[in-house]
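# Working through the structure, step by step
Residue strings, one per chain:
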Amino acid sequence: MTVGAASGAPSPSPSSSPATTNAPTTDASPTDAAGILTPPADEAAFLTALSTTAVTGVPPASTDALLDTLPPPHPTPPPPTLYNLVLHLSDTRGMARLGLVEALGAVGSPALPALLSGLTGCPNPVVRRSCGKALAKLGDARSVDPLITTMTSDADAVTRASAAGALARVGLPAATALLAVLAQEKEEEEEEGDGEKARSDGTAAAAATAVGNDDDDGGGDDSVDGTTIHGGMTAKGHAAWALSFMGPAAGEVLLAAAAGGHGGGDDVRCAAVAALGGIAAGDVLPAMAGGSSALGADDDWGDEDDDNTDGSGGDGATTASADLKARAIAALTTALASDPAPRVRIEAGTGLANAGAASAAAPLLLTRLVRPPGSPPPAAAGTEAGEAVEERRAAALALMKLRHVPAVGALEAVAADEEEAPTVRAVARLAVTTLRRMEEAAAEEEEEWV
């Protein structure tokens, strides 16, 4: 199977990806009669090759010949072949690496040792990234510790994102380790730029990486010169993201964390509440919903009333999913009402709004919307004033998402408050306009039916 260099626009990837360079490859390495690079004879030779062959790169013809020897359904190859598959992840062609990742994923658990060695022991970040993606396909609980180490300390931003994606695929066995990362008092070192900005900027990159859709697997050519990349999302940001995509598989752990377990810090509760918001709203990617260890990746989390006639879950799974969603909404309601951290309350309100839980959320959001009498003006310096402003802005936005027309009066008062922050007043005005239009549209529709 000959793999050509991909062309066209690259798939989404972190902005910190290295620029493409014409990295040298070597044709001097010994090959067999089929033109395939001679594989390492044992693990010691493989570990040496990770720092030599995998850094200088492999001949593209060797990769093509190797892939030709692995037609589906990929019978388990001997260790030397597995070593060779990992070494060929240094191929500069994205589509070639994609084929290798698919092949290693199809091999399954026998490929685990070689992939972990590549993830933790290869200087070439392109190899480490691809090992992370292949480990995501395995979803093996034995990979949790090396993946956590990679996610928290690898110098390459895309490799860290790949590790986070693999941890999300592992599911429940990785949840406690991810919460432990969040329970740390602070990041060992903030990434380049503002930490919060790094979290938000890195989310899309991590999502693309986790589903195998960045330019490392999707078709772009990459440098194999060993360049490392800094920047991207922080370790806590990656951990929170991975938890958010575990969905029902980690439901019990997330409920405990939202209630103050697993360290009980603001970061832990915030991540748990955000993930529970996804469960409450049914906003969980099927591929990330815990697989066979959860309620079933085919369960329709957007509609608990689904008849589930495809045989994927049945009434038991539907009842279980509805119960977990109800418990998630209850946990979010508690967090919105009483959590001491504004950012946790913001996540809770947003999750309830996305879930359409108006009866639970609207009364609490209205209390968060109004600036308390005698409170300092929004322009006052200090983090506390800024958090209060953001919470009121988020409350106005959530009420709009809930389509809660009875909130119009309170929103109009906020929009007219000249001492309120401009951002809060702007969102309040938008919410009033939106809700008024909805009210008018409903009235017109009712008249048509009279």
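You'll find the structure just up there.
Cut-offs used in this document
- Residues numbered from 1 in each chain as written.
- Predicted model: local features only at pLDDT ≥ 70, side-chain atom pairs only at ≥ 80, totals over all residues.
- Heavy atoms only, no water.
- Helix = DSSP H or I, 4+ residues; strand = E, 2+ residues; numbered from the N terminus.
- Buried < 20%, exposed > 50% of the residue type's maximum accessible area, 1.4 Å probe, protein only.
- Phe/Tyr/Trp six-rings, centres within 6.5 Å; stacked < 30°, edge-to-face > 60°.
- Axes fitted to C-alpha atoms, helices over the stretch in contact; angles between N-to-C directions.
- Left-handed = near helix turned anticlockwise from the far one by under 90°.
- Contact = heavy atoms within 4.5 Å.
- Nonpolar A, V, L, I, M, F, W, Y, C, P; charged D, E, K, R; others polar.
- Expected span 1.5 Å × (residues − 1).
- Salt bridge = Lys/Arg side-chain N within 4 Å of Asp/Glu carboxyl O.
- Patch = residues over 30% accessible without salt bridge, like charges linked within 9 Å, V, L, I, M, F, W, Y side chains within 5 Å.
- Areas by Shrake-Rupley, 256 points an atom, 1.4 Å probe, with all protein chains shown as cover.
- Lys, Arg positive; Asp, Glu negative; His and termini not counted.
- Charge placed at Lys NZ, Arg CZ, Asp CG, Glu CD.
- Polar contact = N/O pair within 3.5 Å; in protein donor to acceptor, adjacent residues only side chain to side chain.

## Describing the overall build of the protein
A tally of regular secondary structure across the protein gives 21 helices and zero strands. Within the protein, the fraction of its 450 residues that count as buried is 49%.

## Things to note about the packing of aromatic side chains
All chains considered together, the criterion is met by two aromatic pairs. Relative to Tyr83, the ring of Phe46 has its centre 4.5 Å away and its plane inclined at 10 degrees; by these criteria the two rings are stacked. Taken as a pair, Phe46 in helix H1 (residues 43-50) and Tyr83 in helix H4 (residues 79-87) lie far apart in primary sequence, 37 residues in all. Considered together, Phe46 and Tyr83 belong to a single accessibility category, that of buried residues. Measuring from centroid to centroid gives 4.7 Å for Trp241 and Phe245, while their planes differ by 45 degrees, and the two rings are tilted. Given a relative accessible area of 17%, Phe245 falls into the buried group.

## Topic: the packing of helix H6 (residues 112-121) against helix H7 (residues 125-138)
Interhelical geometry of H6 versus H7 gives an angle of 145 degrees and a closest axis separation of 8 Å. With respect to the hand of their crossing, H6 and H7 are arranged in left-handed fashion. Packed against H6, whose contacting residues are Leu112, Leu115, Leu116, Gly118 and Leu119, the element H7 presents Val127, Arg128, Cys131, Gly132, Ala134, Leu135 and Leu138 at the interface. Each residue belonging to the contact of H6 with H7 can be placed in one class, and the counts come to nine nonpolar, two polar and one charged.

## Details of unusual backbone geometry
Non-glycine residue His262 carries a positive phi angle of around 60 degrees. Residue position: His262 is located in the loop between helix H14 (251-258) and helix H15 (266-281). When its relative accessible area of 32% is taken as the criterion, His262 is described as partly exposed. With phi around 55 degrees, Arg403 is a residue other than glycine that occupies positive phi space. For Arg403, the position within the fold is in the loop between helix H19 (383-401) and helix H20 (408-416).

## A short note on H15
The end-to-end C-alpha separation of H15 is 22 Å, in line with the 22 Å expected for 16 residues at 1.5 Å each. Counting buried positions along H15 yields 13 of 16 residues, so the element is predominantly enclosed. Two residues or fewer after H15 comes Gly282, characterised by a positive phi angle close to 70 degrees.

## A look at the pattern of salt bridges
Considering all chains together, one arrives at 19 salt bridges under this definition. With a shortest N-O distance of 2.8 Å, Glu390 and Arg393 are connected by a salt bridge. With Glu390 and Arg393 both in helix H19, this residue pair falls three residues apart, about one helical turn. Its relative accessible area of 24% is what places Arg393 among the partly exposed residues. Via salt bridges that share partners, Asp64, Asp91 and Arg93 belong to a single interconnected network.

## Quick word on a negative patch on the surface
Taken together, the side chains of Glu440, Glu444, Glu445, Glu446, Glu447 and Glu448 define an acidic patch exposed on the protein surface. In this structure, Glu446 sits in helix H21 (residues 422-449). According to the relative accessible area criterion, Glu446 is exposed, its value standing at 57%.

## Quick look at the environment of Arg436
Structurally, Arg436 is set in helix H21. The partly exposed category is assigned to Arg436, whose relative accessible area is 32%. Between the alpha carbons of Arg436 and Val408 there is a distance of 7.7 Å; along the sequence they are 28 residues apart. For Arg436, the residues in contact, after removing those within four places along its chain, are Val408 and Glu412. Engagement of the side chain of Arg436 in a polar contact is seen with the side chain of Glu412, the distance being 3.1 Å.

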